[in-house]
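Each chain, letter by letter, is given below.
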Amino acid sequence: LTLASITDPGSDGNLSVAAIEGSAVLSTGESGGTKFLREDGDGSCSFQAIPGTFSGLIVFNGTSGTPSALASFNVSGVTRVSTGRYQINWDTDFSNTNYYLLTTASNTDASALRIAVPRQVATDHAQIQVLNNDAASTDGAEHITVAAFT
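Reference entry: report on the structure contained in this document. (Residues numbered from 1 in each chain as written. Predicted model: local features only at pLDDT ≥ 70, side-chain atom pairs only at ≥ 80, totals over all residues. Heavy atoms only, no water.)

1. Regarding the overall build of the protein
Along the protein, the regular secondary structure elements total zero helices and 13 strands. In the protein, the order of α-helices and β-strands from amino to carboxyl end is β-β-β-β-β-β-β-β-β-β-β-β-β. Contacts in the protein between residues far apart in sequence, at least 24 positions, make up 45% of those at least 6 positions apart. In the form shown here, the protein has an accessible surface area of approximately 8600 Å², with 49% of it arising from carbon and sulfur atoms. (Helix = DSSP H or I, 4+ residues; strand = E, 2+ residues; numbered from the N terminus. Contact = heavy atoms within 4.5 Å. Areas by Shrake-Rupley, 256 points an atom, 1.4 Å probe, with all protein chains shown as cover.)

2. Considerations on the sheet that holds strand β12 (residues 125-131)
Here we have four strands laid out as an open sheet, ordered β8-β9-β12-β11, and antiparallel in their pairing. In the strand order of this sheet, the two ends are held by β8 (75-82) and β11 (115-121), each with one partner. When the angles between neighbouring strand axes are averaged without regard to direction, this sheet yields 25°. In this structure, strand β9 (residues 85-90) lies alongside β12, joined through five bridges in antiparallel fashion. By the bridge assignment, Tyr 86 is partnered in β12 with Ile 128. (Pairing = 2+ DSSP bridges. Axes fitted to C-alpha atoms, helices over the stretch in contact; angles between N-to-C directions.)

3. Quick look at the environment of Asn 74
With respect to the helices and strands, the residue Asn 74 is situated in the loop between β7 (68-73) and β8. For the pair Asn 74 and Ala 148, spaced 74 residues apart in sequence, the C-alpha to C-alpha distance is 9.7 Å. Contact partners of Asn 74, with chain neighbours within four places excluded, come to Ser 55, Gly 56, Asn 89, Trp 90, Asp 91, Thr 92 and Phe 94. Of the polar contacts made by the side chain of Asn 74, one reaches the backbone nitrogen of Thr 92; its length is 2.7 Å. (Polar contact = N/O pair within 3.5 Å; in protein donor to acceptor, adjacent residues only side chain to side chain.)

4. As for the packing of aromatic side chains
Counting across every chain of the model gives seven aromatic pairs. Between Trp 90 and Phe 94, the aromatic rings sit 5.0 Å apart at their centres with planes inclined by 35°, giving tilted as the arrangement. On the basis of relative accessibility, which here comes to 3%, the residue Trp 90 falls in the buried class. Here the aromatic residues Phe 54, Phe 73, Tyr 100 and Phe 149 are joined through ring pairs into a cluster of three or more. (Phe/Tyr/Trp six-rings, centres within 6.5 Å; stacked < 30°, edge-to-face > 60°. Buried < 20%, exposed > 50% of the residue type's maximum accessible area, 1.4 Å probe, protein only.)

5. Quick look at the pattern of salt bridges
Inspection of the entire model under this criterion finds one salt bridge. Among the salt bridges present, the one from Arg 80 reaches Asp 139, with a minimum N-O distance of 2.8 Å. Of this pair, Arg 80 sits in strand β8 while Asp 139 is found in the loop between β12 and β13 (143-149), placing the two residues 59 residues apart along the sequence. In this structure Arg 80 comes out as partly exposed when scored by relative accessible area, which is 31%. Here Asp 139 falls in the buried class, since its relative accessible area comes to 19%. (Salt bridge = Lys/Arg side-chain N within 4 Å of Asp/Glu carboxyl O.)

Written out as structure tokens, the structure reads:
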């Protein structure tokens with residue numbers, strides 16, 4: 001957590017904390033709660049609850065026939081199944097398939113929209129599909145992110 005400043009509680013008992021957006025803050029008045037500080041649309045800040053238990057992550061380059069991992073957590077590997085379709089294998093299997101995926105895909109070409117959508121979840125792996133502007137499968141995404149939450 002990178003803090004810019006901490007102010008002692010005033011008469012209202014609130015602790016004022018200035019932090020970098022996206023920083024984990026361990027105490028928000030909840031016992032044992034962890035939330036993230038986020039900037040709201042009106043310029044104010046609020047604390048966002050973590051939507052589940054973070055269980056797996058991979059960021060990889062999908063522009064070649066063999067995807068290359070840029071960063072990962074609880075991932076044993078990623079393979080290209082077909083054009084634009086990738087399988088992420090979990091290092092430690094999940095206890096069931098009741099988890100959700102957060103997926104993103106991007107390219108340095110601003111005119112080339114990329115979107116990644118979940119296609120299959122299993123206890124030992126997940127599959128995603130990367131689509132282009134025309135909703136066709138593509139291998140043209142330089143940064144594909146898949147995060148799993150249980």
